[in-house]
Structure formats: structure tokens, C-alpha cells
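Breakdown of the fold
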Amino acid sequence: MALSLSTGFADPRADYLEHCADCHLENRLGANGPALIPETLKRMRGPKIEEVIRDGRVATQMPSYREELTDQAISELAAYLKTPLETVPPWGEEEIMASRVLDEDYVAADAPIWSSDPMNITLVVETGDHHVSVLDGDTFEVLDRFATPFAVHGGPKFSPDGRYVFIMSRDGWVQKYDIWSLKQVGRVRAGLNSRNIAMSGDGNWLAVANYLPNSLTILSTKDLSVAEVHEVVGKNGKPSRVSAVYQAPPRESFVLALKDVPEIWEVSYSKHPDLGIFAGGLAHDWRIEGPIAQDTPFPIRKITTPDFLDDFFFDQTYEYVMGASRAGTGGLVIDLVIGQKVADLDLPGMPHLGSGITWKRGDSTVMATPHLQDGTVSVIDMNSWETVKKITTEGPGFFMRSHENSPYVWADVFFGPNKDAMHIIDKQTLEIVKTLRPVPGATVAHVEFTKDGRYALVSVWEDDGEVLVYDAKTLEIVKRLPMRKPSGKYNVWNKITFSEGTSH
Ligand code: DHE
């Protein structure tokens, strides 16, 4: 342990350089180990930083420093790691390309090397030891289990044919994996701290939303090379973090939620100058600051919004985007064609729109979203934008799922004493018809259906966890698959066909 000569107290920077810098890099941005910066650490669920330094982290190379560091040195080191970086190093095209690793032993198979239904493959992200399991969606056999970058966040995105999958970590690494060959193709660090990724409708581009630096990285899906890095600066000149990026296939664009400026950005990848965001001569609209820049393959349209909008949900046409206000007081609907607010939403309690789903109810389409701050699922009519019902649940939830062939919506209770509950809601009556408690006391969350909707896969989100396979009709468990803290699950067919019961 390094002691300061003047005070006799621990010197956390010196301790960092002595014990941590080899794996986490002198600038704390991560190498073999993850980045140790507040942007990453604040988001980590699990043991506190002090505990990780003292006891190490199971299933990783992080050792215990119990012998080397006193309790005081550990707590000062933890406090040091929570301080923001004084300067963020440049992370543009050159740095990103220098980080790219393409696997030399990767050979693309001509056809799947397995005999399962390629459309019913389901991936399970196991955050306990940073792996993904590739499941046969009919037999639930594990075809492969591969290592991912540390701390995957957000849904992996499939290529439109379902062959490749792209996975992002909070440290900004993007991994490309070939499901047919069961092999990693390569990795690239597209940002230093990233939020999520979106795949273009044509499958050519992958957009990466970054907090650090304030940028959007667009990668070629073919070889993970950089197509463009957009610095994100609002109309008023203020730089902004990108909270999330989504694809809007019919508009041939990516839509960005911005953290620090009240704007929505639309980034076009259209090859047709009269389609997508250019339709209707919008390049000359007063709401857009100046003409849309045409000197880039990815022109940007900046739409001013009445509030800061963090989380989005789109209608099936992608004309309307529902946004949740940062203050948690409500929401609003922006029409992307005219670039204006068209409705307010009665959505207090910080709805988690990103995990909203839609279904047909009578003559209308409804959308449902859980709230992060209270035990409610809000159901909204997508024509009138009126709230149809606020369903009271046993606590705040994080994820919801359904399937075209299922009469039920599955909604978890992620937070609080009832985190072991999973509500089954009737899509027509909007009543909770059953509450499952498969493992009392354990966090039970996130559901994904098989291609035909016959089975629902539920995570027991614990270190020694499981994926429970339910018969989606009888609501009985038919199989239990041991997994290491399984989080999200993603079925190829449901994702590439944009099933209304799943997040996009
Ligand atoms: Fe997530 C998806 C934002 C915390 C697990 N999360 C998303 C998406 C967004 C988002 C915008 C949709 C992107 C996508 O899939 O492309 N998440 C946020 C937050 O703002 C929040 C509340 C705090 C933060 O800053 O990150 C947050 N998220 C968490 C967690 O603590 C979770 C539970 C554990 C973790 O691993 O970080 C978590 N988020 C997930 C998962 C998805 C996700 C598993 C994909 C869900 C899906 O089914 O598609």
C-alpha cells in the first residue's frame, strides 16, 4: 500500500497504479479488466466496489486485495474510482479502428453447422460470468456458450437473416458472432462508455450510442470498420450524451434519445434522397436547423422537443415516437414526419418505454409499459393516446413480453420485496390472472417466447440462476436450465420479424 509521506494516509492514485493499472489501464479506461470510471461503476448491479477490491470477483480474473490493502486504503481507492475522469481521451475513427480485432481462426460456414431450426435459436445473456448461451429453441439444448465483453447491456441485435448477432458492453465493446459457425468474428471498441446498439433495416450498419465520448459511432456490420463517428452537439452548441439509439426501418433511419439537450435526432442511412427523413421536403422545414447536411452518407435531422426525453417507444409504423420525460412526470408523443409534439401522455412514475410492447385489443392497438418508480403497468391506446388502464402490480417492474399466439402478457416485479413475482396479465381484460413465484426470494425477471409462442423462457436472475421454460398455455414449468445470472433472452424469429410482443 502506498502511504502519503506528508499525511501518513493511503494514496489511492498510487495504490491504483500499483495494483490496478496493469489490467484496467493507467487512465482507468479498461484493458483486460473493465473501465473503472463512474459511468460504468454506477450502473453495475452486484457487490459494492469496496467488496470487489477486498474479496475479488468470482468467475473473473479480479483477485482479492485483502492482504495488500487496509480497509481505509480500500475505501479511499473505491472513492477514487468513483471520481469522474479529468479528461476524456479522444475516441474517434483512428482509435476505434486500432481497437478492432478480427479473429484469425474464423471461417464462415456455408450453412449452419447444427441441425436446429435457425429461426428458433434463442440467445441467453449470462451476466454472472459474461457469457452468452446459444439455445436450440425446440429442444433447449445449449449449442454453444461463448465469452462476451464485460457487462453486456441492452438487447443484442441480429442481422436481418438471423445469422449474425452483435452484442455491446457498457465499456463500448461491440462483438460480432456468427450463429451458423458458432464462432466469434471479431470485436471493436466503438465508445468508451456506451448505452446500446441498433441495426439498420438493410443490415449494413450498426449504430452505437455513446456517453463517453459524446458521440454516435456507425460501424459497417460486415467487418466492424468505422463508417462514421458523429460528435453529438445540440442546436445550442451544447454537447450531449446519447441515451439510446433505435432503428426505424420504414424511415431508413436511426432515432437517437439525447441525455443533455431537449432534442431527438434522426440519422438517415437511406440511399434514396426522396424517402425516409427527406420525404415531404423536410430539408427545408423551419423546425430543422439549416438544411440537412448532405455531405455525409448519414445526414442528421435535429428535432427540438418540449422536454428532455430519455426512453422511447415507437408505433409499428415508426411515424410516432413516445418519449418519457426525464422528470418522471409524464410523457409525450412526437410525430417524426412533421417533427412536432402531437399528444401528451399520462405516464408518471418513470415508465420504462424501452421494454414496452403492443397488442390488438378489440378494435384498437394498445401499448403497455412497466414503471420503474412504482408498482404500475400503464396501458395506452395507440390511436387516442389515452391511458386505458393502470394495472397495480406488486412492485416496480423492468421488463414485459408477450407473443402474437399468447393471450397473456408477462410482467416482472424487478424491484423490492416481491422481486420473485411474475405477473400474468390477460391481454383483453387487462386483469392479472395469475402471479408466478417459481423460486421464492430470488429475482425472477425478463421473458422471451419461442418462435411459435408455445414456451416462455424466464430468468432466475441470480448467480446460481436458471432459465425456466414454461408452457405458455398451462403456465407450468417444463424444463429448468442452469445458468449464471441470466438476464435478457432473445429469439431470432421474434426479433427479426419485429414481433409486437418483444422489444425492438
Ligand atoms: Fe437497461 C435494455 C436503459 C439499467 C438490463 N436498457 C435497455 C434499453 C435501454 C436501457 C435504453 C433498450 C436498448 C436496447 O435493448 O437496444 N437500463 C437503461 C437505463 O437507463 C437504466 C435504468 C440505468 C442505466 O443507466 O443503465 C438501465 N438495464 C439496467 C439494469 O440495471 C439492468 C437490469 C441490468 C444490466 O445488465 O445492466 C438492465 N437493459 C437491460 C436488458 C435490456 C436493457 C437485459 C434488454 C432488454 C430486452 O429484452 O431487449
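Just so you know, these numbers come straight off a predicted model, no measurement behind them.

Remarks on the coordination of the iron atom of the ligand
Just one protein ligand coordinates the iron atom of the ligand, and it is His 153 (NE2) at 2.2 Å. Relative to the helices and strands, His 153 resides in the loop between strand E4 (142-147) and strand E5 (157-158).

Comments concerning the pairing of strand E2 (residues 122-126)
With five of five residues buried, E2 lies mostly within the body of the structure. Residue alternation in E2 divides its side chains into two sets, Thr 122, Val 124 and Glu 126 and Leu 123 and Val 125, and both sets are buried. Summarising the sheet, E2 and strand E33 (residues 486-491) pair through four bridges and their orientation is antiparallel. Bridged to Thr 122 within E33 is Asn 491.

What about the packing of helix H1 (residues 12-24) against helix H4 (residues 71-81)?
Closest axis-to-axis distance for the H1/H4 pair is 9 Å, and the angle between their directions is 90 degrees. By the angle class used here, H1 and H4 are roughly perpendicular. Together, Pro 12, Arg 13, Asp 15, Tyr 16 and Cys 20 of H1 and Ala 73, Glu 76, Leu 77, Tyr 80 and Leu 81 of H4 make up the contact between the two elements. In the contact of H1 with H4, the residues fall into seven nonpolar, no polar and three charged.

Here we look at the site of the ligand
In the vicinity of the ligand lie 22 residues, with His 153, Lys 157, Arg 170, His 446 and Ser 503 positioned nearest. Between Lys 157 and the ligand, the recorded distance is 2.6 Å, taken from a side-chain N or O atom to an oxygen atom. Here an oxygen atom of the ligand sits 2.6 Å away from a polar atom, N or O, in the side chain of His 446. Elements represented by at least two residues in the shell around the ligand include exactly strand E9 (193-199), strand E13 (242-248) and E33. At three residues, E9 tops the list of elements feeding residues into the shell around the ligand.

Concerning a nonpolar patch on the surface
On the surface, Val 337, Ile 338 and Val 342 cluster together into a nonpolar patch covering about 200 Å² of accessible area. Its location among the elements puts Val 342 in strand E20 (residues 340-345). For Val 342, a relative accessible area of 39% corresponds to the partly exposed category.

Quick look at the pattern of salt bridges
On inspection of all chains with the given rule, the structure shows 20 salt bridges. Among the salt bridges present, the one from Glu 431 reaches Lys 389, with a minimum N-O distance of 3.1 Å. Of the two residues, Glu 431 is situated in the loop between strand E27 (422-426) and strand E28 (432-436) and Lys 389 in strand E24 (residues 387-392); the sequence distance between them amounts to 42 residues. Among the ionic contacts, a cluster of salt bridges with common partners joins Arg 54, Asp 55 and Arg 66.

Criteria and thresholds
Residues numbered from 1 in each chain as written. Predicted model: local features only at pLDDT ≥ 70, side-chain atom pairs only at ≥ 80, totals over all residues. Heavy atoms only, no water. Donors = N, O, S within 2.8 Å, 3.2 Å for Na, K, Ca; no water. Helix = DSSP H or I, 4+ residues; strand = E, 2+ residues; numbered from the N terminus. Buried < 20%, exposed > 50% of the residue type's maximum accessible area, 1.4 Å probe, protein only. Pairing = 2+ DSSP bridges. Axes fitted to C-alpha atoms, helices over the stretch in contact; angles between N-to-C directions. Parallel < 35°, antiparallel > 145°, perpendicular 65-115°, else oblique. Contact = heavy atoms within 4.5 Å. Nonpolar A, V, L, I, M, F, W, Y, C, P; charged D, E, K, R; others polar. Near = heavy atom within 4 Å. Polar contact = N/O pair within 3.5 Å; in protein donor to acceptor, adjacent residues only side chain to side chain. Patch = residues over 30% accessible without salt bridge, like charges linked within 9 Å, V, L, I, M, F, W, Y side chains within 5 Å. Areas by Shrake-Rupley, 256 points an atom, 1.4 Å probe, with all protein chains shown as cover. Salt bridge = Lys/Arg side-chain N within 4 Å of Asp/Glu carboxyl O.

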